[in-house]
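# Inside the fold
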Amino acid sequence: MAIFKKIWLSCQQATMLISKKQHTGLTVKEAAQLRLHLAICKFCNRFQQQTNLIGRLAKKIQQQQPAVLSEQKKQALQKQLRDAQ
Amino acid sequence: MQSTLNSHQLQPDKWVQLYADALFSYAIARVQDSAVAEDLVQDTFLSAWKSREQYNGTASEKTWLYTICKNKIIDHFRRQTASPMVLDDAELANYFDEGGHWKPSAAPRAWRIETESAIETKEFYQVLASCRKKLKSVQQMLFSMKYLEDAATDDICKYLNITPSNYWVLIHRVKLHLRKCLEKNWMGIN
């Protein structure tokens with residue numbers, strides 16, 4: 001079991017590697033350690049799936065919330081631009 | 001004869017009518033504050049007007065205005081995060097015990113999700129917005145740059161003056177916080 005202990009990641013380390021994988025990539029050793037951890041740990045699996053989901057949904061934020069400036073503000077902007085000219 | 005057939009021209013008189021709402025939506029999605037977003041749109045139009053002579057017509061007027069607005073947003077975030085960044089390890093203690101195991105209160109629960117498109121509701125995005133507001137300002141900036149701007153890691157590091165390893169440690173904290181906040185506030189109402 002000594003070898004297992006040596007390569008086994010804590011959940012804190014495993015979630016860090018999940019984020020690292022999503023953003024900068026992993027070394028071969030890290031990838032192997034993470035695969036081993038994910039094969040066993042349901043919490044870290046959920047963390048990975050759920051944070052991937054959040055990332056995909058976050059990309060649609062702007063489509064979801066089209067915003068409109070007030071007429072008053074628009075008129076003020078128009079005036080400012082005209083004054084600048 | 002003017003040789004402007006292939007180049008775009010500026011029409012400042014139409015900017016407000018054509019682009020004010022679009023730029024406002026763009027800004028508010030990123031800064032999450034309508035007063036700040038209004039100021040950013042105003043700054044965008046005024047600096048566009050001031051630098052009109054630098055416009056060379058290769059990009060469309062719309063693209064050009066968006067680029068200016070984007071830079072205004074980055075400047076805004078930069079001002080907010082002027083102090084050097086401290087990675088606070090105490091934050092992690094909310095999630096993991098000393099052995100690095102999930103604390104029972106923080107361990108991810110199963111989310112009941114039938115289809116992904118079923119989640120894309122107004123309620124979900126309202127909860128996401130309120131969760132984003134609870135992040136520290138540097139984290140809010142990272143979130144916007146990464147997920148809304150789809151900025152390259154190198155660019156984000158440059159803007160924030162951090163190393164790539166600092167970058168993913170920070171974005172990791174963002175994920176821990178948002179995931180937990182969504183689970184608590186949104187999964188709860190489903």
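Residues numbered from 1 in each chain as written. Chains lettered and ligands numbered in written order. Predicted model: local features only at pLDDT ≥ 70, side-chain atom pairs only at ≥ 80, totals over all residues.

## Quick word on the overall build of chain B
Helix and strand counts for chain B come out as seven helices and zero strands. In terms of overall dimensions, chain B is more spread out than a globule: its C-alpha atoms have a radius of gyration of 21 Å, far above the 16 Å expected for 190 residues. Projected onto its principal axes, the C-alpha coordinates of chain B cover approximately 75 × 40 × 30 Å. Counting only residues that meet the buried cut, chain B has 29% of its 190 residues in that class. Across chain B, every contact between residues at least 6 apart in sequence was considered, and the portion connecting residues at least 24 apart equals 66%. (Helix = DSSP H or I, 4+ residues; strand = E, 2+ residues; numbered from the N terminus. Rg over C-alpha atoms; globule rule 2.2 N^0.38 Å. Buried ≥ 20, exposed ≤ 12 C-beta atoms within 10 Å, placed from the backbone. Contact = placed C-beta atoms within 7 Å.)

## Observations regarding the overall build of chain A
On a plain count of helices and strands, chain A comes out with six helices and zero strands. Helices and strands appear in chain A in the N-to-C order α-α-α-α-α-α. In terms of overall dimensions, chain A is more spread out than a globule: its C-alpha atoms have a radius of gyration of 24 Å, far above the 12 Å expected for 85 residues. Once the C-alpha set of chain A is aligned to its principal axes, its extents read approximately 75 × 25 × 15 Å. Taking all 85 residues of chain A together, 21% fall into the buried category.

## Concerning the interface of chain B and chain A
Each partner contributes residues to the interface: chain B has 40 residues there, and chain A has 37 residues. Within the residue set of the side of chain B that touches chain A, elements represented by two or more residues are α1 (12-31), α2 (34-50), α5 (137-148) and α7 (164-185) of chain B.

## Quick word on the confidence of the model for chain B
All names here are of chain B. Of all residues in chain B, 91% have pLDDT values of 70 or greater, and the mean over the chain is 85. Taken element by element, chain B is modelled with least confidence in helix α6 (residues 153-160), mean pLDDT 83, and with most confidence in α2, mean pLDDT 94. Among the prediction metrics, the complex's ipTM stands at 0.83, with pTM recorded as 0.80. (pLDDT = per-residue confidence, 0-100.)

## Topic: the environment of D154(B)
All names here are of chain B. Among the secondary structure elements, D154 is positioned in helix α6. The exposed category is assigned to D154, around which 10 C-beta atoms lie within 10 Å. Taking the C-alpha atoms as reference points, D154 and P164, 10 residues apart in sequence, are found 7.5 Å from one another.

## Thoughts on α5(B)
With 12 residues, α5(B) should reach 16 Å at 1.5 Å per residue; the first-to-last C-alpha distance of 16 Å fits that figure. Summarising burial for α5(B): nine of the 12 residues are buried, a large majority. Buried residues of α5(B): Q139(B), Q140(B), M141(B), L142(B), F143(B), S144(B), M145(B), K146(B) and Y147(B), and no others. The inward-facing, buried residues of α5(B) contact α4 (42-58) of chain A together with α1, α3 (61-80), α4 (122-133), α6 and α7 of chain B. Taken from the residues just after α5(B), D150(B) is the one with a positive phi, measuring 55°. (Expected span 1.5 Å × (residues − 1).)

## A few points about unusual backbone geometry
Peptide bonds are mostly trans, and most non-glycine residues show a negative phi. Residue and element names in this part refer to chain B. Positive phi outside glycine occurs at Q32, with the angle close to 60°. On the secondary structure map, Q32 appears in the loop between α1 and α2. In this structure Q32 comes out as partly exposed when scored by C-beta crowding, with 18 C-beta atoms within 10 Å.

## Points about α4(A)
Over its 17 residues, α4(A) extends 24 Å from the first C-alpha to the last, a length consistent with the 24 Å expected when each residue adds 1.5 Å. Among the residues of α4(A), those classed as buried are C44(A), F47(A), Q48(A), Q50(A) and T51(A). Considering only its buried residues, α4(A) is in contact with α2 (11-23) and α3 (28-40) of chain A together with α7 of chain B.

## Digging into the nonpolar core
Counting residues in each nonpolar core, the largest one holds 23 residues, and the members touching the most others are A20(B), L23(B), F24(B), A27(B) and V41(B). Where this core is concerned, the elements lending two or more residues are α1, α2 and α3 of chain B. Residue contributions to this core peak at 11 residues, all from α1(B). Not counting the four nearest positions on each side in its chain, A20(B) is found in contact with L69(A), K74(A), L77(A) and V41(B). Judged by nonpolar contacts, the second largest core, of 17 residues, contains L142(B), W168(B), L178(B) and L182(B). (Core = buried A, V, L, I, M, F, W, Y, C linked by C-beta atoms within 7 Å.)

## Concerning the packing of α5(B) against α7(B)
All names here are of chain B. For the pair α5 and α7, the least separation of the axes is 10 Å and the interaxial angle reads 95°. By the angle between their directions, the pair α5 and α7 is classed as roughly perpendicular. Counting all contacts with α5, which are made through V138, Q139, L142, F143 and K146, the residues of α7 involved are L170, I171, R173 and V174. (Axes fitted to C-alpha atoms, helices over the stretch in contact; angles between N-to-C directions. Parallel < 35°, antiparallel > 145°, perpendicular 65-115°, else oblique.)

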